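Structural features, examined
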Amino acid sequence: MKANQSIGIYIHVPFCIQKCLYCDFISFSKMKDDLIEAYFQALSRELSCYAEELAQYSVKSIFFGGGTPSSVNAKHIAGIMQQIKQMATLTKDAEITLEANPGTLSQEKINQYLASGINRVSLGLQTSDPKLLKTIGRIHNVNDFLTSYQGLVEEGIDNINVDIMFGLPGQSIEQLEHTIKFIGAVKPKHISAYALKLEEGTPLFEAHRKGKITLPDEETERAMYHTLQRELTLLGYHQYEISNFALPHYESRHNLIYWQNTPYIGLGVSAHSKMHQTRYHNALSIDQYLEDYQVKANVIQKKAASLITYEAAYIDEKEDLFETIMLGLRLTNGLDYQSLNDRYGIDFLDAYASEITSLSAEALIEVDQTKHNIRLTPLGMDVSNRVFVAFMKD
Ligand code: SF4
C-alpha cells in the first residue's frame, strides 16, 4: 500500500422512481429489473479493472450516488460492497454513504445496508413545503421523509445528511425558514444546501421559459443563502464549505476528497475519475456503458475487460495547482499554503503576490501568515467564482 495514500470511490446508480422536474443528472426512471441486473454486472466488471489501484491505496470513502441508489434492490449494493472489500483495504474510519430518497427505504433494506457496511445516508428532502415539493416533481412528502429518517435512526444509522434546495419557483424566505426549522427539529449530522439551477432541457427550464413559473430574484436568493448561514449556525452547524454545514466532526469525508484535490475513482455511467494525474470519465450513455463493460450475449469473455475511458486528460502541475487552490478555497477553513508549497515546490505568497494584494484590498480573501492560511471572507464567498478566476494563470 502506498504510505499515507488513500482514495475515494464514487459509484453512480442511475435509477430513480420518477424524474424530478429540475433534474439533468444521468438518471433513468421505470427501468426494468434485467437492465438494472446488467448494469450492476457492468459495474462489477469495471471495478475489477481497478485491481492494481485498489491494491496500492487504502479506501477512505465510498459514495453510492445517483440517481437514487435506494431505489434498487439492496442486494446490488451489497454485491458491490463485498467486491470492494475483497479487492481493497478500507481505512478503519471509512465513510460509506448511500444516497436515498424518502419513501424508498424499508427496515429490511436499511438492515441490508448496515450488513454491507453502509454507515452514512444522504436523504434528499429539498424543502418542507408540500406545494413546492410538487412544483419541483419530488416523489415524496414530508411524512415520507420523517418515516425514512426515523427508520434509519432506529436501525442504527444516525450519520445522516439532508439535502435542501433554495431559490425554488415562487419560494419565499419564510418558506425556507420553515424548512430550516423543520430540519432543526430532526437535527441531522450534516446538511447540504444548493440553489436551484435551471438546466436546459428540463421541464422546469421549459416552464420558466414559457413564463409559467418565476424564480426568486438574485437579491432574494442571496438573502436566502445568508438566512441559511445564519439559522444553521444558530442551530449549532459549522459551515465548512460554500454549500455544506455539519455538526462538529461530521464533515463529509467524501466531499473533502474532492475539495482537497486528491485521487478518486468513479464507477458507472458518466462517472468521473482522477487517478495518476489524469482526469477522465466513463461513457455518458447507459447503452454505451453496458457495451463497454457487459459480457455480450453469446460471447464468453475469459479475460477481465480493460478500463475504457473517455476524454482522458493529463493534468499538468500548473492545472493541478490551480484546482487545488480553487477547491481548497471553497472550504471555510481555507487553504494551508505551507502544504501547498510542500506539495508543489512553490512559494505561494510570492507566486501570487499581486493577486493576493488586490483580492485582499477588495476584502474578498484574508491571509493569516502565522497559520499559513488563506481563505475567503464572507464577501468572497458570495462572489467565489471571481476569486477563483483571479488565481488562474496562463
Ligand atoms: S432523485 Fe435525484 S437523480 Fe433522481 S430524478 Fe430526482 S434529482 Fe434527479
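Residues numbered from 1 in each chain as written. Predicted model: local features only at pLDDT ≥ 70, side-chain atom pairs only at ≥ 80, totals over all residues. Heavy atoms only, no water.

How big an interface is tends to be expressed through the accessible area that disappears when the partners come together. What the domain assignment reports for the chain is domain 1 (6-259) and domain 2 (331-390). Distance from the C-alpha centre of domain 1 to the C-alpha centre of domain 2: 30 Å. With both sides pooled, the region where domain 1 packs onto domain 2 buries about 680 Å², and carbon together with sulfur makes up 59% of that total. Among the residues of domain 1 in contact with domain 2, R222, Y240 and I242 are the three that bury the most area, contributing 47% of the side total. Viewed at the interface, domain 2 and domain 1 are joined by 1 salt bridge. The salt bridge partner of D382 is R222, with a shortest N-O separation of 2.8 Å. Summed over the shared surface of domain 1 and domain 2, the result is 4 residue pairs in polar contact (both at pLDDT 80 or more). Elements supplying a minimum of two residues to the side of domain 1 that touches domain 2: α9 (218-234), β9 (238-241) and α10 (253-259). Across the side of domain 1 that touches domain 2, the residue classes break down as 5 nonpolar, 4 polar and 2 charged. (Domains from an automatic or database assignment. Buried area = accessible area lost by both parts, 1.4 Å probe. Salt bridge = Lys/Arg side-chain N within 4 Å of Asp/Glu carboxyl O. Polar contact = N/O pair within 3.5 Å; in protein donor to acceptor, adjacent residues only side chain to side chain. Helix = DSSP H or I, 4+ residues; strand = E, 2+ residues; numbered from the N terminus. Nonpolar A, V, L, I, M, F, W, Y, C, P; charged D, E, K, R; others polar.)

All right, on to helix α11 (residues 286-293) then. Within the span of α11, buried status applies to I286, Y289, L290, D292 and Y293. Projected down its long axis, α11 shows its buried positions confined to an angular sector of 160 degrees, all on one face. Summarising the contacts, the buried residues of α11 are in contact with β2 (15-16), β3 (28-29), α1 (33-48) and β14 (310-314). (Buried < 20%, exposed > 50% of the residue type's maximum accessible area, 1.4 Å probe, protein only. Arc of directions from axis to C-beta. Contact = heavy atoms within 4.5 Å.)

As for its placement among the helices and strands, Q126 is situated in strand β6 (residues 120-126). Non-local contacts of Q126, meaning those with residues more than four positions away in its chain, are made with Y22, I136, R138, D163, I164, M165 and T179.

Across the interface, helix α7 (residues 173-186) lies against α9 with an axial gap of 10 Å and an inter-helix angle of 25 degrees. Relative to α9, the element α7 lies roughly parallel. The handedness of the crossing between α7 and α9 is right-handed. Residues I173, L176, E177 and I180 of α7 lie in contact with α9, whose contacting residues are T220, A223, M224, T227, L228, R230, E231 and L232. Taken together, the residues of the contact of α7 with α9 sort by class into 7 nonpolar, 2 polar and 3 charged. (Axes fitted to C-alpha atoms, helices over the stretch in contact; angles between N-to-C directions. Parallel < 35°, antiparallel > 145°, perpendicular 65-115°, else oblique. Left-handed = near helix turned anticlockwise from the far one by under 90°.)

What follows covers the pairing of strand β13 (residues 278-281). In the sheet, strand β12 (residues 272-275) pairs with β13 via 4 bridges, with the strands oriented antiparallel. Pairing of H272 across the sheet is with H281, part of β13. In sequence, β12 turns back onto β13 through a hairpin of 2 residues, with H276 there showing a positive phi of about 50 degrees. Alignment of β13 against β14, held across 3 bridges, turns out to be antiparallel. Note on β14: the bridge partner recorded for T278 is Y314. (Pairing = 2+ DSSP bridges.)

Let us look at the site of the ligand. As a matter of local geometry, the ligand sits amid 13 residues, with C16, C20, C23, G67 and N101 nearest to it. For the shell around the ligand, the per-class residue count stands at 5 nonpolar, 6 polar and 2 charged. (Near = heavy atom within 4 Å.)

Before going further, it helps to spend a moment on the pairing of β6. Across the 7 residues of β6, 7 count as buried, placing the element largely inside the fold. Residues of β6 alternate between two faces, with R120, S122, G124 and Q126 on one and V121, L123 and L125 on the opposite face, all of them buried. Bridge count for strand β5 (residues 89-100) against β6 is 4 bridges, and the pairing is parallel. Directly across from E99, in β6, lies its bridge partner S122. Two strands pair when backbone bridges link them, and β6 and strand β7 (residues 160-166) are joined in this way by 5 bridges, in the parallel orientation. Bridging across to β7, G124 finds its partner in D163.

As a further point, take the packing of aromatic side chains. Summed over all chains, the structure comprises 14 aromatic pairs. Judged by centre distance (5.3 Å) and plane angle (85 degrees), the rings of F15 and Y39 are edge-to-face. On the criterion of sequence distance, the pair formed by F15 in strand β2 and Y39 in helix α1 is long-range, its members being 24 residues apart. Following the ring pairs from residue to residue traces out a cluster consisting of F15, Y39, F40, Y289 and Y293. We note K189 situated over the ring of Y250; from NZ or CZ to the ring centre the distance is 5.4 Å. (Phe/Tyr/Trp six-rings, centres within 6.5 Å; stacked < 30°, edge-to-face > 60°. Lys NZ or Arg CZ within 6 Å of the ring centre and 35° of its normal.)

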